[in-house]
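Descriptive structure summary
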Amino acid sequence: MSSSSSASEEVGGDSGGSSSRRRRRRGGRSNGVWPEPFLEALARQMAIDASRSIGRLAAAQALSNLFQVCSTWRAVSRSDLLWQSLTTRIWNRHHLLRHTWHDEYIYWHQTSNNLLHSRYIYHTLHFVPEINNDNNNDGLSCRRLALSDHHLAAGFSDGSVQLFHLPTRVHLSTFRPQQRDRLGRYSRAVSGIILTDENLVFASLDGDIHVVVIGGAAPPRRAHLGDVVNDGALVDFTGCDRWWIGLYAGVPGRAFHIWNSETEELIFVDGDLTDPEAVTGWHLLTELTELVGRVRITARDTAVACTGPRLVVIDLHNQGLILRERFFQQELIVGSFDATNELLVAVDGRGIATVCRTEDLDESCRFNVRGASQRGVIGSINNSGYGVMCVGGLIRVWEVENGVYLYSLREKIGEVNAMHADERHIVACSSDGTIRLWDFGAQ
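Sequence order sets the numbering: in each chain, residues are counted from 1 along the sequence as written. A pLDDT threshold of at least 70 governs which residues receive local features in this predicted model, and a stricter bar of 80 or more applies before side-chain atom pairs are shown or counted, although totals over entire chains, interfaces and linings include all residues. The basis for the side-chain values is all heavy atoms of the structure; hydrogens and waters are excluded.

**Points about the overall build of the protein**
In this description a helix means any DSSP run of H or I spanning at least four residues, a strand means any run of E spanning at least two, and both kinds are numbered starting from the N terminus. For the protein, the count of helices and strands is nine helices and 28 strands. Residues counted as buried form 55% of the 443 residues belonging to the protein. For the protein, restricting intrachain contacts to residue pairs at least 6 apart in sequence, the fraction spanning at least 24 positions comes to 48%. Only protein chains enter the area calculation, which uses a 1.4 Å probe; residues under 20% of their type maximum are buried, those over 50% are exposed, and those in between are partly exposed. We call two residues contacting when some pair of their heavy atoms lies within 4.5 Å.

**Points about the packing of helix H6 (residues 80-91) against helix H7 (residues 101-116)**
Here an angle of 0 to 180 degrees is reported between the N-to-C directions of two axes, which are lines fitted to C-alpha atoms, with helices fitted over the stretch in contact. The N-to-C vectors of H6 and H7 enclose an angle of 30°; their axes lie 8 Å apart at closest approach. On the basis of their axis angle, the class for H6 and H7 is roughly parallel. The chirality of how H6 crosses H7 is left-handed. Facing Asp-80, Trp-83, Gln-84, Leu-86, Thr-87, Ile-90 and Trp-91 of H6, the residues of H7 in contact are Trp-101, His-102, Glu-104, Tyr-105, Trp-108, His-109 and Ser-112. Polar here means any residue outside two lists: the nonpolar Ala, Val, Leu, Ile, Met, Phe, Trp, Tyr, Cys and Pro, and the charged Asp, Glu, Lys and Arg; Gly therefore counts as polar. Along the lines of polarity and charge, the residues of the contact of H6 with H7 split into seven nonpolar, five polar and two charged. In these notes the angle categories are as follows: under 35 degrees is roughly parallel, over 145 is roughly antiparallel, 65 to 115 is roughly perpendicular, and the rest is oblique. Note: crossing handedness is left-handed where the near helix turns anticlockwise from the far helix by less than a right angle, and right-handed where it turns clockwise.

**As for the environment of His-94**
On the secondary structure map, His-94 appears in the loop between H6 and H7. Sequence separation between His-94 and Gln-84 is 10 residues, and the spatial gap between their C-alpha atoms is 8.2 Å. If we ignore the near neighbours within four places in the chain, the residues touching His-94 are Thr-88 and Trp-101. Within the structure, His-94 has its side chain in polar contact with the side chain of Asn-92 (distance 3.2 Å). Think of a polar contact as two N or O atoms within 3.5 Å of one another; within protein, one of them needs to be a possible hydrogen donor and the other a possible acceptor, and neighboring residues in sequence only count if both atoms come from side chains.

Structure representation (structure tokens):
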């Protein structure tokens, strides 16, 4: 695995952390030296252009070439503002976890390179069984997984969410929803998780939404009381620092519910995306069948959602206005759908994965997911441009921006109930009750 020093040389790093703006060359104007703010802007644009045209890892070589022109140009590499801008734009990282933004950039460059070349550490986590007080023999099934920088959350069919500490893989807590009347044996099943290192928000099929302060002593607080009869089943739920969005199925004209996540106020209810799947939505309350739909927030004020035949982009700020939509002749496998700020991917019944830009739904590329036409497929993509598909117990990795197949993970894990990937980890829970974690982080 590459060391930090070698990566630092590749991106033209300098051990000094102070901004190059403080190191103005004397007499620069008379010698014709370009001003350093201009050089910073040039370096930023060259790196972003290389990232877009060739790939994110290519930005390092572009910077290295630029910094080798002369000592004045290399001095630009000391600007922490430059590295902060590049880390945000190229790796979509907004929080400083290491000593400097230069170190942060190097870390995510190395981690992405590990993902490209299948360098990882594999772990298994065993969740803590719940005590069954319902006098039935329903097995405990993992329905949702979520990752933050330091935590992993797993949501189960009984409504509980188990929280793990990622660096140590230690089970920290189990959170349970507040008790209420149940409309179907799976009405409490977790249907969505929003996870940061400070807060956990989880939703259930009956429409309840609970909020937990991580590290606090208080039990989960119910932020929204669901109304299954009037809204249908909450089949998927996601959010960010500004919005929560729920996708419902069961009652016509109420597919999308949008909340202000800061005030927890419900501000919009409308949409017909899941109207054809109304009956299936009701069935989810009594039997865990295939997924009805998925929804993902793609930019600050937009979200993309899909069912089997249809995909829509909605404006969260403007009353759920449909900005774009696309219909598919070959129905999509809903579990394969995922989206980031820039791209979305979904596999149809023939096993063909389609990658589209989220801003306009224009197709970027296609690739074949072997075996998807015969078996269900679960998919996830991250902001580094890698896509993960699990088919028949085998997890495969692609570069989704160009549809290039990279490799399959060595571990065959059997039937998978839930899977998620971010820029460092891939996590999956198999039907035998084992949570499996692949860590690609730079060591």
